[in-house]
Amino acid sequence: MSRLKVVLLPVHPPKLRLLKKTLWSLSHVKDIYVKILCHRCSESDIAALKQYQRAIEFFDISIDNTDSNLSVRLNRAKSSFDIDTIFYRIDAGDIIHMDKFHIVAENEMLITHHALIKYPNRFDVVKYRGLLSQLVRNYLVHSSFIFSDSDYDEGVTLAQDYVLSLSKIIRKKHTHINRILVLKDMTQSGNTINNRALSIKGTIYGKKQLLPKIVCFPSVLIDYVKLCLLKLRI
Amino acid sequence: MFVEIKDLDFSEDRFTLNGLPISGNLESLYINLYRSVLHRHFDVVRDIELEKIDQNVSEYTRFHLLPLLLDSGVQSEKALTFLEIDEEKIKSALSDYSRENMWYTSNIHMGSLAAVSILKRDNLNSLALQLIQELDSKSFTSTKWKYKGSINRIAAFYHYVPFIDTHNVEITLRTKEVLFTDLKGLQNTLGSFCSPNGFSCMELDSVVVAAYLKKFGFDTEDLLKNKLFNHLSNFDNGWPLYGLSSSRMNDIKEIFSSSVFIQDKLWNLKKIFVDIRKQQFDNGHAELVSEAHDKTLMSNYFGLVTYMQLAQALGIVEKNNLEVFNSYGLSYVVA
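This section reports on the structure supplied with the text. (Residues numbered from 1 in each chain as written. Chains lettered and ligands numbered in written order. Predicted model: local features only at pLDDT ≥ 70, side-chain atom pairs only at ≥ 80, totals over all residues. Heavy atoms only, no water.)

With respect to the overall build of chain A
The condition that has to hold: Strands here mean DSSP runs of E at least two residues long; helices mean DSSP runs of H or I at least four residues long; both are numbered from the N terminus. The globule rule used here is 2.2 Å times the number of residues to the 0.38 power, and the radius of gyration it is set against is calculated over C-alpha atoms. Exposure classes here rest on a 1.4 Å probe applied to the protein chains alone. A residue is buried below 20% of its type maximum, exposed above 50%, and partly exposed in between. In these tables, accessible area is a Shrake-Rupley quantity obtained with a 1.4 Å probe, and a residue counts as shielded only by the protein chains included in the view. Under the convention used here, Asp and Glu are negative, Lys and Arg are positive, and both His and the chain ends fall outside the count. Lys charges are placed at NZ, Arg charges at CZ, Asp charges at CG and Glu charges at CD.
When helices and strands are tallied, chain A shows seven helices and nine strands. Relative to a compact globule of 234 residues, whose C-alpha radius of gyration would be 17 Å, chain A shows 17 Å and is just as compact. Taken over 234 residues, chain A has a buried fraction of 55%. Carbon and sulfur atoms form 55% of the exposed surface of chain A, whose accessible area is close to 11200 Å². Across chain A, the 35 positively charged side chains and the 22 negatively charged ones have centroids separated by 8 Å.

Take a look at the structure:
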């Protein structure tokens, strides 16, 4: 019996205008369940989203206006499905290659793949370079994550995807596929300095939880330098 | 639903969003035709007013305009009369042609084969079939060295697809194999068919040829899926004439490591070092000007047809309610 394939797509009002492109790319794929996790969206936002229901076979909108962080909301969404469901984590604005949904994750594995990043004046190809590189800089775009029975760390406000991927890599529960299967649109990222700082703090938290001290110290030092540089910009 | 006319069209007399209003007769005709065919794909019919064509318009342009006029819904007799294309000119185009640059010649042939299709005369049909047989024996390859590569061949063959596919004209296995090899060599990591990241005309040509080859059992599925991903990635309230690249260094590495002919490598190198830095003139017309990464009426029109062909070839149920119609030219979608 084939397993249910669920796309987890969190969205909040600033990103709603990007959702149309993502739903367009998903509309070309059969047999997937698209779960939109709306956070602090108005009734008119929800009504505007419902027009796309006829374009996607299995389309569900859940609404959460609580103060829960994204990790909590993602885990809550996952818990409503059976244990052998396969999840594909993406964002509003992402474009998905049709072949992504042929990839199936099993036995607590996290599967990732290359990603294309779209900036205002260029594209960048982001490729995974191994654990050591991950300790300096994250080369895994969360829109490339495919997993089954894995939960996000709810203690992390941002960078929950980095923490998840690091824990999988360390426990040898990670496989990377050398194909570009997602585009992430960063032409108008809206990523504030505050959010970037929170993201770095999440990264530091994750490393402290997961890494032995001898490895953690130099890696986290780099993050503290990045944090200081960010604070200097404020 | 996902793509609408308002994403692709500009105000009445402009070729690009921020371009100057067009005033030239021929340029105005082109933008009216591009607009009209674009709208027809959304099932909106626009009238085309035809004033007398300027006498200095070349034979190339007249034959280039014919399929556009027909696809806009202009009656065949009216179109032929307006363009002053008669049987003698059609016969001349089909029998007296140069194979030096097959892309150039194929544009004239697309128009003359459109005329053959609508006139339905036995003598012209025979000439058309004879032409295609001759070109097929040479695999639609140009004779001049600089035009002997894959890009020129794919771009040339594309212009014969509407006639070949509509009338089930047989093309040899050898030619199809050559074209398949061309396509596989041309597609880059980003999924487009020329540097830096696609050129509207070439993307349409390649996708239609890939769809045509798929009908004969050639496995172009991956090529088409990669291009669909690339095509959606390049869409941003329209499709640009040239897509954005990753980096000049990556482009160069990709060009040199590809399996295409030296002519194609040189063509692509010129694209990334020279062409994308210059102003672009659609079909050489001074007023149909744009920058390399602009969205133009032409690039949006070609982008739309490229998308429709991808959807058709990949068996995707089309959710935008776009209209495919019997086309004699650039709107042709292989079923």
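Comments concerning the nonpolar core
To keep things clear, this is the line we draw: The term nonpolar core refers to a set of buried residues drawn from Ala, Val, Leu, Ile, Met, Phe, Trp, Tyr and Cys, joined through side-chain atoms within 4.5 Å. The criterion used for residue contact is that any of the two residues' heavy atoms lie within 4.5 Å.
Ranked by size, the top nonpolar core spans 157 residues in total, and within it A:Leu9, A:Leu23, A:Leu26, A:Val34 and A:Ile36 carry the most contacts. The leading source of residues in this core is helix H15 (residues 297-313) of chain B, at 11 residues. Setting aside residues no more than four positions away along its own chain, A:Leu26 makes contact with A:Val7, A:Leu9, A:Ile32, A:Val34, A:Ile56, A:Ile90, A:Ile96 and A:Phe101. The next biggest cluster of nonpolar side chains, apart from the first, holds 16 residues, and it includes A:Leu37, A:Phe81, A:Leu110 and A:Leu140.

Here we look at the packing of helix H12 (residues 221-234) of chain B against H15(B)
All names here are of chain B. Going by this rule: For helices, the axis comes from a line fit to the C-alpha atoms of the stretch in contact; other axes are also lines fit to C-alpha atoms, and the angle between any two N-to-C directions lies between 0 and 180 degrees. By definition, any crossing whose near helix is turned counterclockwise from its far helix by less than a right angle is left-handed, and any crossing with a clockwise turn is right-handed. Residues were grouped as follows: Ala, Val, Leu, Ile, Met, Phe, Trp, Tyr, Cys and Pro as nonpolar; Asp, Glu, Lys and Arg as charged; and all remaining residues, including Gly, as polar.
Packing of H12 against H15 brings their axes to within 10 Å, and their N-to-C directions diverge by 145°. For the pair H12 and H15, the crossing hand works out as left-handed. On H15, the residues that touch Leu224, Lys227, Leu228, His231 and Leu232 of H12 are Gly303, Thr306, Tyr307, Leu310 and Ala313. Looking at the contact of H12 with H15, its residues break down into six nonpolar, three polar and one charged.

Section: the environment of A:Gly206
As for its position among the elements, A:Gly206 is in helix H6 (residues 193-210). It is 8.3 Å that separates the C-alpha atoms of A:Gly206 and A:Gln160, two residues lying 46 residues apart in sequence.

Points about the packing of aromatic side chains
Put simply, the rule reads: Only Phe, Tyr and Trp rings take part, Trp by its six-membered ring, and two of them pair if their centres are within 6.5 Å. Stacked means planes under 30 degrees apart, edge-to-face means over 60, and tilted covers everything else. Here, a charge over a ring means that NZ of Lys or CZ of Arg falls within 6 Å of the ring centre while also lying within 35 degrees of the ring normal.
This structure, assessed with the given rule, holds 21 aromatic pairs over all chains. Ring geometry for B:Tyr34 against B:Tyr301: centres 6.1 Å apart, planes inclined by 45°, an arrangement best described as tilted. In this pair, B:Tyr34 is assigned in helix H2 (residues 25-40) and B:Tyr301 in helix H15, connecting sequence segments 267 residues apart. The same class applies to B:Tyr34 and to B:Tyr301, which are both buried. Among the aromatic residues, ring-to-ring pairing joins A:Trp24, A:Tyr52, B:Phe2, B:Phe235, B:Trp239 and B:Tyr307 into one connected group. Here B:Lys271 stacks its cationic end above the ring of B:Phe199, 5.3 Å away from the centre of that ring. Over the aromatic face of B:Trp267 sits the side chain of B:Lys271, whose NZ or CZ is 4.4 Å from the ring centroid.

Observations concerning the environment of B:Gln263
Residue and element names in this part refer to chain B. Looking at where Gln263 falls in the secondary structure, it is placed in helix H14 (residues 262-273). Judged by its relative accessible area of 9%, Gln263 falls in the buried class. With 116 residues separating them in the primary sequence, Gln263 and Tyr147 have C-alpha atoms 6.9 Å apart. Sequence-distant contacts of Gln263, defined by excluding residues within four places in its chain, comprise Trp145, Lys146, Lys148 and Gly149.

Remarks on the interface of chain B and chain A
Many descriptions give the size of an interface as the accessible area lost when the pieces come together. For clarity, the threshold we go by: Accessible area that two parts lose when put together, with a 1.4 Å probe and added across both, is what the buried area reports. By definition here, a salt bridge exists when the distance from a side-chain nitrogen of Lys or Arg to a carboxyl oxygen of Asp or Glu is within 4 Å. Between N or O atoms, a polar contact is any pair within 3.5 Å; within protein, one atom must be a potential hydrogen donor and the other a potential acceptor, and residues adjacent in sequence are included only when both atoms are from side chains.
Every contact between the two is made by 28 residues of chain B and, on the other side, 31 residues of chain A. Contact with chain A buries surface across chain B, with B:Met1, B:Phe2 and B:Phe229 losing the most and accounting together for 30% of the total. Counting across the chain B and chain A interface gives two salt bridges. The residue A:Lys20 makes a salt bridge to B:Glu4 at a minimum N-O spacing of 2.9 Å. Where chain B touches chain A, the interface holds nine residue pairs in polar contact (both at pLDDT 80 or more).

What to know about the packing of helix H8 (residues 150-158) of chain B against helix H11 (residues 200-214) of chain B
When two helices pack together, their arrangement is captured by the angle between the axes and the distance separating the axes. Residues and elements named next belong to chain B. Here is the rule we go by: In these notes the angle categories are as follows: under 35 degrees is roughly parallel, over 145 is roughly antiparallel, 65 to 115 is roughly perpendicular, and the rest is oblique.
Packing of H8 against H11 leaves a shortest axis separation of 9 Å and a crossing angle of 70°. In this view, H8 runs roughly perpendicular relative to H11, as classed from their interaxial angle. Along its contact with H8, which presents Ile151, Ile154, Ala155, Phe157 and Tyr158, the element H11 presents Met202, Leu204, Asp205, Ser206, Val208, Val209 and Tyr212. Across the contact of H8 with H11, the residue classes tally to 10 nonpolar, one polar and one charged.

So, the side chain of B:Ser299
Residue and element names in this part refer to chain B. Position of Ser299 relative to the elements: it lies in helix H15. Using a relative accessible area of 0% as the deciding quantity, one classes Ser299 as buried. Within the structure, Ser299 has its side chain in polar contact with the backbone oxygen of Trp239 (distance 2.7 Å). Among residues more than four places away in sequence, those in contact with Ser299 are Ser200, Trp239, Pro240, Leu241 and Asp294.

Comments concerning a nonpolar patch on the surface
In plain terms, the rule: Residues enter a patch when their relative accessible area is above 30% and they make no salt bridge; the linking distance is 9 Å between like charges and 5 Å between nonpolar side chains (Val, Leu, Ile, Met, Phe, Trp, Tyr).
Taken together, A:Val225, A:Leu229 and A:Leu232 make up a surface patch of nonpolar side chains, about 320 Å² in accessible area. Relative to the assigned elements, A:Val225 resides in helix H7 (residues 213-233).

Re the pattern of salt bridges
By the definition in use, this model includes 31 salt bridges over all chains. Across the pair A:Lys21 and A:Asp185 runs a salt bridge whose closest N-O atoms are separated by 2.9 Å. Of this pair, A:Lys21 sits in helix H1 (residues 16-26) while A:Asp185 sits in strand E9 (residues 174-185); the two residues are 164 residues apart in sequence, bridging distant segments of the chain. Of the two residues examined, A:Lys21 and A:Asp185, each falls in the buried class. Note that B:Glu84 and B:Arg62 form a salt bridge whose closest N and O atoms lie 3.4 Å from each other. Here B:Glu84 is found in the loop between helix H4 (76-83) and helix H5 (87-95), whereas its partner B:Arg62 is found in helix H3 (residues 59-71), with 22 residues between them in sequence.

Overview of the side chain of B:Ser233
Mapped onto the fold, B:Ser233 is located in helix H12. According to the relative accessible area criterion, B:Ser233 is buried, its value standing at 2%. In this structure the side chain of B:Ser233 is engaged in a polar contact, spanning 2.7 Å, whose partner is the backbone oxygen of B:Phe229. The residues touching B:Ser233, leaving out its near neighbours within four places in the chain, are A:Ile95, A:Lys118, A:Phe123 and A:Leu183.

A word on the state of the cysteines
Throughout this description, disulfide means a covalent bond between two cysteine sulfur atoms. Inclusion rule: Cysteine sulfur atoms that pair up within 2.5 Å are treated as a disulfide.
Throughout the structure, instances matching the rule amount to zero disulfides over all chains. Sulfur of A:Cys216: no disulfide; nearest cysteine sulfur belongs to A:Cys228 and is 16 Å away. Note on B:Cys201: no disulfide assigned, nearest cysteine sulfur contributed by B:Cys194 at a separation of 9.0 Å. The partly exposed category is assigned to B:Cys201, whose relative accessible area is 21%.

Comments concerning the environment of B:Ile85
All names here are of chain B. Position of Ile85 among the secondary structure elements: in the loop between H4 and H5. In this structure Ile85 comes out as buried when scored by relative accessible area, which is 7%. The spatial distance from the C-alpha of Ile85 to the C-alpha of Phe63 is 8.0 Å, given a sequence separation of 22 residues. Beyond its immediate chain neighbours, meaning those up to four positions away, Ile85 contacts Arg62, Phe63, Leu66, Leu80 and Ile90.

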